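# Inside the fold
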Amino acid sequence: MAFGSTYLQQVRALNPESDIPSLAGKVILVTGGNVGLGKQCVLEFARHSPSQIWLAARNAERGQAAVDEIRQKVPNVPIRFLELDLASFDSIKKAAQIVLTESDRLDILMLNAGVMAVPPGLTKDGYEIEFGTNHMGHALLTKLLMPLLLKTTDTGADVRVVSMTSTAFKQAPKDVLDFARLKSTAEHMSGFERYSQSKLANILWARYLAKVYPQLTVASVHPGLVQTELMDRASEAPAIMRAFRGVAKMMAVTVEQGAKNQLWASVSGDVESGEYYEPIGISGQITDNAKDDQLAEKLWNWTQKELES
């Protein structure tokens, strides 16, 4: 990723105020909507009159505070907090049931939440914490909400699933998706390796989701280097990455700018389903393993089996 004037021109190329069309009648769900890029996307969506926005987050206090803050900027916006812990299948099932019960459609599902380079651990259901949160949690949420997404496509609506990833996928270990390792703490790997593995999974899963459900428009997106809390919480990042934080923050774009790629993927008619995009709307920046259809199918089948069991 280059960070010169060309990159900044690309970041500024999307004007959310004018380029996001009316969202009247649409229902939107954003995970990790209480902070950073997710919160910014909720705010931008709110300005275009959607029927409903679900702001999903793990922390109820911070989630409701984000809802209240956005309502101050966009009065009377129909936005609701949805408690969702992606590291817990029980929490995901409860959240999905609320949406299925109270919404009659779902037009945009933005899978934004995630963790990066955290200490070794397992989710409540026994998956490596970064893979389990970033991939398995979102995969289950999407699976449970699929009937509502498909019901919405039956109305002729343009239904989107946007999966947040990172160029870190290019540093994924060579023995990618060792499935036995995905159900362990994988302490022999660095936190950043575990993160990069999960980000590769996000791309492969989105690629295959687009094939299984051609009715949907699916994209995986990298936001660029953005000034968010994610890097600050990356306690298990390599020493060189931790040393780079200060420089990275100076080079990083603001959250307002960084959210533009996922906003673009949510509404642009130029999105090709199944593709991976860098800011803004740039495709083709992908490695061989990230476009390996056999690997994508292998991950999809394994994930589906795990979720069904």
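Preceding block: the structure.
Cut-offs applied
- Residues numbered from 1 in each chain as written.
- Predicted model: local features only at pLDDT ≥ 70, side-chain atom pairs only at ≥ 80, totals over all residues.
- Heavy atoms only, no water.
- Helix = DSSP H or I, 4+ residues; strand = E, 2+ residues; numbered from the N terminus.
- Expected span 1.5 Å × (residues − 1).
- Bend = angle between axes of the 7 residues up to and from the residue.
- Buried < 20%, exposed > 50% of the residue type's maximum accessible area, 1.4 Å probe, protein only.
- Polar contact = N/O pair within 3.5 Å; in protein donor to acceptor, adjacent residues only side chain to side chain.
- Pairing = 2+ DSSP bridges.
- Phe/Tyr/Trp six-rings, centres within 6.5 Å; stacked < 30°, edge-to-face > 60°.

Moving on, we get to helix H6 (residues 129-153). Under the 1.5 Å per step criterion, the end-to-end length of H6 is 33 Å for 25 residues, consistent within 8% with the ideal 36 Å. The sharpest bend along H6 reaches about 50° and sits at Leu-145, with the proline Pro-147 one to four residues further on. Taken across its 25 residues, H6 has 20 buried, putting it largely inside the fold. Between a side-chain oxygen at the N-terminus of H6 and the backbone nitrogen of Glu-130 the separation is 3.0 Å; the capping residue is Glu-128.

This brings us to the pairing of strand S4 (residues 108-111). A two-sided burial pattern is seen for S4, the buried positions comprising Ile-108 and Met-110 on one face and Leu-109 and Leu-111 on the other. Pairing between strand S1 (residues 27-31) and S4: three bridges, direction parallel. Of the residues in S4, the one forming a bridge with Ile-28 is Ile-108. Pairing of S4 with strand S5 (residues 160-164), which is carried by four bridges, proceeds in the parallel orientation. In the sheet register, Ile-108 faces S5, and the bridge partner there is Arg-160.

On to the packing of aromatic side chains. Tallying each qualifying case throughout the model produces nine aromatic pairs. An angle of 40° between the planes, with centres 5.8 Å apart, marks the rings of Phe-89 and Tyr-127 as tilted. Taken together, the positions of Phe-89 in helix H5 (residues 89-102) and Tyr-127 in the loop between S4 and H6 put the pair 38 residues apart, joining distant regions of the chain. Just as Phe-89 is buried, Tyr-127 falls in that class too. Centroid distance Phe-179 to Trp-302: 4.7 Å. Interplanar angle 15°. Geometry classified as stacked. Pair noted here: Phe-179 is in the loop between S5 and helix H7 (191-212) and Trp-302 is in helix H11 (residues 293-308), with a separation of 123 residues, a long-range link. Just as Phe-179 is buried, Trp-302 falls in that class too. Three or more aromatic residues joined by ring pairs make a cluster, and in this case those are Phe-89, Tyr-127, Phe-131, Phe-179 and Trp-302.

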